[in-house]
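What follows is the residue order along each chain.
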Amino acid sequence: MHTLLWHWSSTPTTSMNTYPTWLLRLPILCYLAALAFGDSGVISSSAGVYNSSLTPADLPWNTYNYCNAPHVNAKHYSKPTNALHAKLVYMNAVIRHHKRSPDNLYLQENELNAIPWDCADFTQFSYGGSGSAQVFHETTSPSWHPFLSQIWNGTCDQGQLTRGGLDDAIRHGKDFWSVYGHELGFLSSVNEKDIFIRTSTETRTFQVASGLLVGMDPAMKGKPFPVTTQPSPIDSIPPSYSCPKANSIRDAYQSVPAWTDHLQQNADLKARLDATLGTAGLADWASWYDHFFDTFTSRTCHGHPLPCNSTGACVSEADAAKVFAIGDLEYNYIWNAAENASTYTQLTFGVFMQELAQNFKQFREGTEPHKLRFFVGHDGTMIRLASLLGFGKNASLRWPALGSEIIMEVWQSADEHFVRIVHEGTPVHGFEWIPLDTFIGALESQIPANLFQQCMGN
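Conventions used here
Residues numbered from 1 in each chain as written. Predicted model: local features only at pLDDT ≥ 70, side-chain atom pairs only at ≥ 80, totals over all residues. Heavy atoms only, no water. Axes fitted to C-alpha atoms, helices over the stretch in contact; angles between N-to-C directions. Helix = DSSP H or I, 4+ residues; strand = E, 2+ residues; numbered from the N terminus. Parallel < 35°, antiparallel > 145°, perpendicular 65-115°, else oblique. Left-handed = near helix turned anticlockwise from the far one by under 90°. Contact = heavy atoms within 4.5 Å. Nonpolar A, V, L, I, M, F, W, Y, C, P; charged D, E, K, R; others polar. Polar contact = N/O pair within 3.5 Å; in protein donor to acceptor, adjacent residues only side chain to side chain. 1 Å grid on protein atoms, 1.4 Å probe; cavity = no way out; pocket = protein on both sides within 12 Å on 5 of 7 lines; lining within 4 Å. Points joined across faces, edges and corners; volume = space filled by probe spheres on them.

**Observations concerning the packing of helix α4 (residues 244–253) against helix α10 (residues 341–365)**
Working step 1: Their axes nearest at 9 Å, the elements α4 and α10 cross at an angle of 150°. By the angle between their axes, α4 is roughly antiparallel relative to α10. By crossing handedness, the relation of α4 to α10 is classed as left-handed. Contacts between α4 and α10 involve Lys245, Ala246, Ile249, Arg250 and Tyr253 on the former and, on the latter, Ala341, Thr343, Tyr344, Leu347 and Thr348.
Working step 2: When grouped by side-chain class, the residues that make up the contact of α4 with α10 number 6 nonpolar, 2 polar and 2 charged.

What follows is the structure, given as structure tokens:
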């Protein structure tokens, strides 16, 4: 497991709950299963909400909510307490997109959806600018289509942002502005000079960016705003650039007992899911629980029932809870806890870390034209960033929730600059007051030398 990037902190502020380091040496599956669900086997509890964007009022506001992660908001935001006269002067923010339809499909997807997926409740624009018609597209699943069994009924495509996801993005933007616009006065208006937005090439990340902007300022409705992307073959946000060496490293540590034991220990669960969902013999559904996790959470977060087949057999809530706990285990192992996980994560996310380092160096040198750089990515973006920042030394990492948020604030105190990291609305223990130079050095330490040559094995 890689080491914590930095330990420097003057007077720590209120921070996230941390866990004794000896917990990290317990059998990870047992620990995470207990952390997530205890003995209840339910999908909404004090340790995790998987069935609503709204966290129940009887739970703490910052409870892990997979459907809609907690994020900065004026009610719960606190300024650094160790430098009362410090001023916020620069920020980078990274979030995961908000909720969507499933990204993975069963062979008999149509049969397994009791409720159609509806995405006709907001317009999907895609057109060539001011010189063209404002074309929008609508998805239909014709009843006569010979391959209809492979997709649900309704008007949603695979992995498409839903109205609920857009609404969550708008609320996210509103809460973000309540802090950085209204409370701190750091941002005075939504404009291209102050705010730079970059997303992946996935449509849902563009749409989340549009929702964020309207949440920040309702007057942005119908107005143009640039969103920057990189070419899809080399995009560093998902990330999607090729790195055969990283793939080999991951294949190796997913071939040892530390990984394969959990698959064997859950063979009964897998057999039940296969019998209900028709996934037996499908390699992508056998090598990890990612696909089950995606298809269950996408449904439960939208108020859909868990899948039932034509015989009436259904996935139980208890089995779904087990899948969610295993998903946490797998994400923590692959990107944080496995031997050589740090090397794998550095290779696959080194380009993005380089971009962050360049941003903060530009600020230090006085050449940064923007006050805020805002990135909208995916779960793979967030888990890699959390791991390389060192969050995995505080506690085992969990699957990044929809709307998951990491904010890197730069504060000026006298003539010095310090970085504070806020994760899902709460300052991160050990990351409350880092000298800017130290922070930049830590980012650069996660960028492999000769990254392209290393990835290609040259």
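**Here's the deal with the side chain of Thr199**
Working step 1: As for its position among the elements, Thr199 is in strand β6 (residues 195–199).
Working step 2: Separated by 3.4 Å, the side chains of Thr199 and Thr205 make a polar contact.
Working step 3: Excluding residues that lie within four positions of it along the chain, Thr199 makes contacts with Thr205, Phe206, Ala209, Val227, Thr228, Thr229, Asp235, Ile237 and Val376.

**Observations regarding empty space enclosed by the protein**
Working step 1: Under the counting rule described, the total for this entry stands at 1 cavity of 30 Å³ or more.
Working step 2: In this structure, the largest cavity spans a volume of roughly 50 Å³.

**A word on the packing of α10 against helix α11 (residues 379–389)**
Working step 1: It is at 9 Å that the axes of α10 and α11 come closest, and there the two elements cross at 95°. Of the possible angle classes, the one that applies to α10 and α11 is roughly perpendicular. Contacts between α10 and α11 involve Ser342, Tyr344, Thr345, Gln346, Thr348, Phe349, Met353 and Leu356 on the former and, on the latter, Thr381, Arg384, Leu385, Ser387 and Leu388.

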